[in-house]
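Secondary and tertiary structure notes
What follows is the residue order along each chain.
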Amino acid sequence: MPAAPLTLYPYTLDALRELAGIAPVVTLSNVTCVDADTQGLRQRLAPWATDLFPSCTLGYAKPNPAPSSPSPNTSAWHRPA
């Protein structure tokens, strides 16, 4: 099954253009591999986004079960079992 088409907000490319003039731009997303069209997204956001990091290719999943007590060192991300 192909990934769902990505719809950008009307101002997205203008914002990326402006941000890319200030600092490198990368994307971080919480997406399943079924929904990820990394190559298509890379083509649409080039040359402003220098890299893409979908959670499915990084090997992380969300949400992480809440710890029994909050800890400042606890990450919301976890590697799936």
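Every value quoted in this text rests on a predicted model; they were computed, and no experiment measured them. (Residues numbered from 1 in each chain as written. Predicted model: local features only at pLDDT ≥ 70, side-chain atom pairs only at ≥ 80, totals over all residues. Heavy atoms only, no water.)

The number of helices and strands found in the protein is three helices and two strands. Written out in order from the N terminus, the α and β elements of the protein read α-β-α-β-α. Expressed as a percentage of the 81 residues in the protein, the buried residues total 15%. Approximately 6,300 Å² of the protein is accessible, and the part contributed by carbon and sulfur atoms is 61%. (Helix = DSSP H or I, 4+ residues; strand = E, 2+ residues; numbered from the N terminus. Buried < 20%, exposed > 50% of the residue type's maximum accessible area, 1.4 Å probe, protein only. Areas by Shrake-Rupley, 256 points an atom, 1.4 Å probe, with all protein chains shown as cover.)

Glancing now at the nonpolar core. Of all hydrophobic cores here, the largest spans six residues; its members are Leu16, Val25, Leu45, Trp48, Ala49 and Leu52. In contact with Leu45, not counting residues within four places along its chain, are Leu8, Leu13, Leu16, Thr27 and Leu52. (Core = buried A, V, L, I, M, F, W, Y, C linked by side-chain atoms within 4.5 Å. Contact = heavy atoms within 4.5 Å.)

Its place among the elements puts Val31 in the loop between strand E1 (25–29) and helix H2 (38–45). Residues Val31 and Cys56 lie 25 residues apart in sequence; the distance between their C-alpha atoms is 6.2 Å. Setting aside residues no more than four positions away along its own chain, Val31 makes contact with Ala36, Pro54, Ser55 and Cys56.

As a further point, take the confidence of the model for the protein. For the protein, per-residue confidence averages 76 on the pLDDT scale, and residues scoring 70 or more make up 64% of the total. The least confident element of the protein, judged by mean pLDDT, is helix H3 (residues 55–58) at 79; the most confident is helix H1 (residues 12–20) at 93. (pLDDT = per-residue confidence, 0-100.)

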